[in-house]
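The lines below spell out each chain.
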Amino acid sequence: MTPAERERGVSLARAARAGNTLAMHDLLDHLTPYVARVCAPIALADGPDATQEALVAVFGALRTLRDPEALYGWVRAIAVREAVRTARRAARAHPAELADVPERGDPQLAADIDDVLARLSPDHRAVLVLRDIEGLDEEAAAAVLGVPPGTAKSRLHRARTSFRKAWFS
């Protein structure tokens, strides 16, 4: 995201917090691609649902945002929370076992990143997205996930190990 896009989001957040309904509409349109980029790799097929839930939560809680300069970190935390919640709900409906790794010699399954990600728990997908896609450090990822840094570090290790196992099988 460019600095100009960030500043536009911050100014829209300020206007929306002041009660400007057009600014709120524009802010939600502005944030949708960002939220979708965070939610999709965590919630997988349910990414659009997670995105919608996150945007509803942003809309409902925007007045609680104390510092509009922190908009994107605040939105990211909401998006991760909603994506994990949505993925957990979907996992209960359709459990995917990590033991069901693709068979050797089946390059289509082994090469499909979505298939490999689907084998990870929502918590593991979330920490992978925050560290390896969003580029957050361990402390920041732990804060977004609401866990101690050691927990985030161990989840990341297990997630990467599980991902490699599924990818290379």
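Reading the values: rules and limits
- Residues numbered from 1 in each chain as written.
- Predicted model: local features only at pLDDT ≥ 70, side-chain atom pairs only at ≥ 80, totals over all residues.
- Heavy atoms only, no water.
- Salt bridge = Lys/Arg side-chain N within 4 Å of Asp/Glu carboxyl O.
- Helix = DSSP H or I, 4+ residues; strand = E, 2+ residues; numbered from the N terminus.
- Buried < 20%, exposed > 50% of the residue type's maximum accessible area, 1.4 Å probe, protein only.
- pLDDT = per-residue confidence, 0-100.
- Contact = heavy atoms within 4.5 Å.
- Expected span 1.5 Å × (residues − 1).
- Arc of directions from axis to C-beta.
- Phe/Tyr/Trp six-rings, centres within 6.5 Å; stacked < 30°, edge-to-face > 60°.
- Lys NZ or Arg CZ within 6 Å of the ring centre and 35° of its normal.

## Points about the pattern of salt bridges
Side-chain pairing between opposite charges can occur once the charged atoms of the two side chains come close. The final tally for this structure, using the stated rule, is nine salt bridges. Among the salt bridges present, the one from Glu134 reaches Arg37, with a minimum N-O distance of 2.9 Å. One end of the pair, Glu134, is in the loop between helix 7 (122–133) and helix 8 (138–145); the other, Arg37, is in helix 2 (residues 21–43), and 97 residues separate them in sequence. We classify Glu134 as buried; its relative accessible area is 15%.

## Side note on the confidence of the model for the chain
Averaged over every residue, the pLDDT of the chain is 87; residues scoring 70 or more account for 88%. Across residues 98–102, where pLDDT falls below 50, the model places twelve contacts with residues more than four positions away in sequence or in other chains.

## Notes on helix 3 (residues 47–61)
One turn of the α-helix equals 3.6 residues, which is why residues spaced by three or four share an orientation. For helix 3, built from 15 residues, the straight-helix expectation of 21 Å at 1.5 Å per residue is met to within 8% by its first-to-last C-alpha distance of 21 Å. For helix 3, the set of buried residues is Gly47, Ala50, Thr51, Ala54, Leu55, Ala57 and Val58. One face of helix 3 carries all of its buried residues, which in axial projection span an arc of 160°. Turned more than 90 degrees off the buried face of helix 3, the exposed positions are Pro48, Gln52, Val56 and Gly60.

## Thoughts on the environment of Asp46
You can see Asp46 is positioned in the loop between helix 2 and helix 3. Measuring from C-alpha to C-alpha, the distance between Asp46 and Arg89 comes to 9.8 Å, with 43 residues separating the pair along the chain. The contact partners of Asp46, leaving out residues within four places of it in the chain, are Thr86 and Ala90.

## A word on the packing of aromatic side chains
Summed over the entire model, instances satisfying the criterion amount to one aromatic pair. Arranged with centres 5.5 Å apart and planes meeting at 90°, the rings of Tyr34 and Tyr72 form a pair that is edge-to-face. Taken together, the positions of Tyr34 in helix 2 and Tyr72 in helix 4 (residues 71–93) put the pair 38 residues apart, joining distant regions of the chain. Residue classification places Tyr34 among the buried positions, given a relative accessible area of 6%. Given a relative accessible area of 3%, Tyr72 falls into the buried group. When the ring centre of Tyr72 is taken as reference, the NZ or CZ atom of Arg6 above it lies at 4.8 Å.

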